[in-house]
Amino acid sequence: MEQIRLTIEQWCQMAGIDEQMAVFAADITLVMTALLLSWLAYAVCHHLVVPATVKLTEKTNAEWDDALLNANTLRKACLIVPAIVVWMLIPHIFYRYPMAEVLLERLTAIYITLTSTKLGIAVVDSIKTLDTDHRTARHQYLHTFCGVLKIIVIFISVVAVVSIVIDRSPLRLLAGLGATSAVLMLVFKDTISGLVAGIRLTSNDMLHKGDWITVEKAGVNGVVEEITLTTVKVRNYDNTTVTITPQTLVEDSFQNWNTMQSSEGRRVTRRVYFDFRSIRPVDNDIRERLLARGYVGKKLLTADEISSDTVNLTLFRRYADRYLAAHSEVNADMLHMVRQLEATPTGLPVEFYFFLSKKEWKTFEMNMAEILEHLYAVIPDFGLRIYQRDDFAHSTVISPLP
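Computed from a predicted structure; not experimentally measured.

Cut-offs applied
Residues numbered from 1 in each chain as written. Predicted model: local features only at pLDDT ≥ 70, side-chain atom pairs only at ≥ 80, totals over all residues. Heavy atoms only, no water. Disulfide = S-S within 2.5 Å. Buried < 20%, exposed > 50% of the residue type's maximum accessible area, 1.4 Å probe, protein only. Pairing = 2+ DSSP bridges. Helix = DSSP H or I, 4+ residues; strand = E, 2+ residues; numbered from the N terminus. Axes fitted to C-alpha atoms, helices over the stretch in contact; angles between N-to-C directions. Phe/Tyr/Trp six-rings, centres within 6.5 Å; stacked < 30°, edge-to-face > 60°. Salt bridge = Lys/Arg side-chain N within 4 Å of Asp/Glu carboxyl O. Polar contact = N/O pair within 3.5 Å; in protein donor to acceptor, adjacent residues only side chain to side chain. Contact = heavy atoms within 4.5 Å. Parallel < 35°, antiparallel > 145°, perpendicular 65-115°, else oblique. Left-handed = near helix turned anticlockwise from the far one by under 90°. Core = buried A, V, L, I, M, F, W, Y, C linked by side-chain atoms within 4.5 Å.

The final tally for this structure, using the stated rule, is zero disulfides. Note on cysteine 45: no disulfide assigned, nearest cysteine sulfur contributed by cysteine 78 at a separation of 4.9 Å. What makes cysteine 45 buried here is its relative accessible area of 15%.

Have a look at this one:
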């Protein structure tokens, strides 16, 4: 650069230009040369190096290079190259202007720091794409780790920019931050707490993106859309979005329906309260009604069971249990039963317990309703009455057997 300066000054003097104007012309020429060289460096990187690198990574069998050396990351790296060229040429161009040299060097250093920060954030974002399975615990670890890396990159960038502005060593600035650690802990309290809570959620395999969760206290009943260091975003089934903190999920209990969705069936439990006065041994009226309506044989009861002195509630429980086992929508490989619970003042409770194969919400509700409605409808055929309280003039009326 010095040789170029001397040559330009000699040419100017040979052309009859005075010495001061010759020096000014040489400085302008050098500035234009530096800008041209920086532009050429950027053009070569952007139009030659980036496409060649992308094509090279596409031909390899490794996946990490496709994620880290993608076009977006490489273009951000190209933005640093012209600044480095300018930063190297500034001392050779502006050595006669110390104030301008110092100012331009600091501005260029700040620009390099900021573009390097953008490059670091782009690399961190690229790391997230290494694991495409958003429901695994490994992906949650990676997501949390990347969030921490972003904080570290931004923190180092801020320290570097401040050290450039005040012309102090970054190490001395970091050493001085020990006295302000309490303030930093207060500022980043939510981030640190969220990080710890996020690690607990992922390490214990408690939550993944796409899980259906329920948090009654927070009004959450929907699908997890995003998990970050400080927030968990859930889209409720009414299409509202609820944002809660990871600490809320860790400190309080929440219900995760993921295991139900990945299982072979969705559970149904319903209780029916029978009037004690309707429970009795099977008599001729009940027997004839069951025979007339075809409950024997194809309706899962045997003639011996009807002809014996079986209690009508026992007969109904057998029928209901076999009906559930034979129903096409019930998963017979999972537990199903019709059991009697402890007696109450409002009747004898009998619980239907079974699992439906189809777990989708609307289909599940329709199949469950059809099965239970059938069981409710056949109860009178067994001579049983459901305990039903009718509030009329503050009295309780038990509906008679039809």
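The three strands are arranged S6-S8-S7 in an open sheet whose pairing can be described as antiparallel. Unpaired on one side and paired on the other, strand S6 (266-274) and strand S7 (337-340) mark the two borders of the sheet. Across the sheet, the axes of successive neighbouring strands diverge by a mean angle of 20°, strand direction being ignored. Relative to strand S8 (residues 348-356), S7 runs antiparallel, the two being bridged by four bridges. Considered in S8, the bridge of valine 338 is made with phenylalanine 352.

A few words on the packing of aromatic side chains. By convention here, two paired aromatic rings are described through the distance between centres and the angle between planes. Inspection of the entire model under this criterion finds ten aromatic pairs. Note on tyrosine 319 and phenylalanine 382: the rings are 5.7 Å apart at their centroids and 40° apart in plane angle, and the pair reads as tilted. Of the two residues, tyrosine 319 is situated in helix H15 (residues 312-326) and phenylalanine 382 in the segment after helix H16 (361-378); the sequence distance between them amounts to 63 residues. A relative accessible area of 0% places phenylalanine 382 in the buried class. Between tyrosine 353 and phenylalanine 355, the ring centres sit 5.7 Å apart and the planes meet at 80°, which makes this aromatic pair edge-to-face. Assigned by exposure class, tyrosine 353 and phenylalanine 355 land together as buried. A network of ring pairs unites the aromatic residues Phe274, Tyr295, Phe316, Tyr319, Tyr323, Phe352 and Phe382 as a single cluster.

Evaluation of the coordinates by the stated rule reveals 13 salt bridges. Residues arginine 293 and aspartate 381 are paired through a salt bridge, measuring 2.1 Å at the closest nitrogen-oxygen approach. In this pair, arginine 293 sits in the loop between helix H13 (284-292) and helix H14 (303-307) while aspartate 381 sits in the segment after H16, placing the two residues 88 residues apart along the sequence. The closest approach of N and O atoms between glutamate 351 and arginine 339, which form a salt bridge, is 2.7 Å. One end of the pair, glutamate 351, is in strand S8; the other, arginine 339, is in strand S7, with twelve residues separating them in the sequence. Using a relative accessible area of 5% as the deciding quantity, one classes glutamate 351 as buried. For arginine 339, a relative accessible area of 35% translates into the label partly exposed. Via salt bridges that share partners, Arg271, Arg339 and Glu351 belong to a single interconnected network.

A distance of 2.7 Å separates a polar atom in the side chain of glutamate 351 from a polar atom in the side chain of arginine 339. If near-sequence neighbours (up to four positions away) are discounted, glutamate 351 is found in contact with Thr269, Arg270, Arg271, Met337, Val338, Arg339 and Leu341.

Let's shift gears to the packing of helix H4 (residues 71-78) against helix H6 (residues 98-128). In contact at an axis separation of 9 Å, H4 and H6 are set at 165° when each is read in the N-to-C sense. By the criterion of interaxial angle, the relationship of H4 to H6 is roughly antiparallel. Judged by the sense of rotation from one axis to the other, the crossing of H4 with H6 is left-handed. Across the interface between the two elements, Thr73, Lys76 and Ala77 of H4 pack against Lys118, Leu119, Ala122, Val123 and Ser126 of H6.

The next thing to look at is the nonpolar core. In this structure, Phe316, Phe352, Phe354 and Phe382 are the most contacted members of the largest nonpolar core, which totals 32 residues. Counting only elements with at least two residues in this core, the list comes to S6, H13, H15, S8 and H16. Looking at this core, the element that brings in the most residues is H15, giving seven residues. Apart from the residues lying within four places of it in its own chain, the contact partners of phenylalanine 382 are Ile286, Leu290, Tyr295, Leu301, Asn312, Leu315, Phe316 and Tyr319. In this structure, Leu201, Ile213, Ile227 and Val242 belong to the second largest nonpolar core, which totals 15 residues.

Fair warning: the whole summary comes from geometry, so function is off the table for now.
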